[in-house]
Amino acid sequence: MVEHTESKVQQGERYVVIGREPFARMDRVRRVVENKKGCFWCGQKRKGDKLFAYGVWRDGVSILKIGWLRGEFCSISCMRAYHQGQEW
Ligand SMILES: [Zn+2]
């Protein structure tokens, strides 16, 4: 993944592009979600009960069709630990 951070607001929602897979022609994206239970991996909570959801946004596809991975996490490292063996 090529690290790359860029905020985008579309359809009233804010997304942050966190990286690009140039050969797969897709971006890695993150959005803020409300979660009072804590991170799916470590159980930690973040300020304001906000966690992150991570997804894959393929080129040419509507922002409404981002493929969100299961789970909500405090950090990308927790998301990677939870989804071990997957392409992240
Ligand atoms: Zn965590």
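Description of the structure in this document. Worth saying up front: this structure is predicted, and the values here are computed from it rather than measured. (Residues numbered from 1 in each chain as written. Predicted model: local features only at pLDDT ≥ 70, side-chain atom pairs only at ≥ 80, totals over all residues.)

Whether parallel or antiparallel, the strands of a sheet pair through hydrogen bonds between backbone atoms. With respect to topology, 5 strands assemble into an open sheet ordered 1-2-3-4-5, the strand pairing being antiparallel. Whereas interior strands pair on both sides, the edge strands pair on one side only; in this sheet they are strand 1 (2-10) and strand 5 (67-68). Relative to strand 4 (residues 50-58), strand 3 (residues 26-34) runs antiparallel, the two sharing 9 bridges. Each residue of the ladder has a partner; that of Asp27, found in strand 4, is Trp57. (Pairing = 2+ DSSP bridges. Helix = DSSP H or I, 4+ residues; strand = E, 2+ residues; numbered from the N terminus.)

Let's shift gears to the nonpolar core. Buried together is how nonpolar side chains tend to be arranged in soluble globular proteins. Cys39, Leu51, Phe52, Tyr54, Phe73, Cys74, Cys78 and Met79 together form the largest nonpolar core, which totals 8 residues. Within the residue set of this core, elements represented by two or more residues are strand 4 and helix 1 (76-82). At 3 residues, the largest contribution of residues to this core is made by strand 4. Look past the residues within four positions of Cys74 in its chain and what remains in contact with it is Cys39, Cys42, Gln44, Arg46 and Leu51. (Core = buried A, V, L, I, M, F, W, Y, C linked by C-beta atoms within 7 Å. Buried ≥ 20, exposed ≤ 12 C-beta atoms within 10 Å, placed from the backbone. Contact = placed C-beta atoms within 7 Å.)

The phi dihedral of Arg25 falls on the positive side, at around 55°, and the residue is not glycine. Topologically, Arg25 is positioned in the loop between strand 2 (13-21) and strand 3. In this structure, Asp49 is a non-glycine residue whose phi angle is positive, near 55°. Tracing the chain through its elements places Asp49 in the loop between strand 3 and strand 4.

Right, let's talk about the pairing of strand 3 for a bit. Looking at chain direction, strand 2 and strand 3 are connected through 5 bridges and run antiparallel. Bridge pairing in strand 3 links Val17 to Val29.

Before going further, it helps to examine the environment of Ser75. Structurally, Ser75 can be placed in the loop between strand 5 and helix 1. Each C-alpha atom of the pair Ser75 and Arg46 lies 9.8 Å from the other, and the pair is 29 residues apart in sequence.

By themselves these figures say nothing about function.
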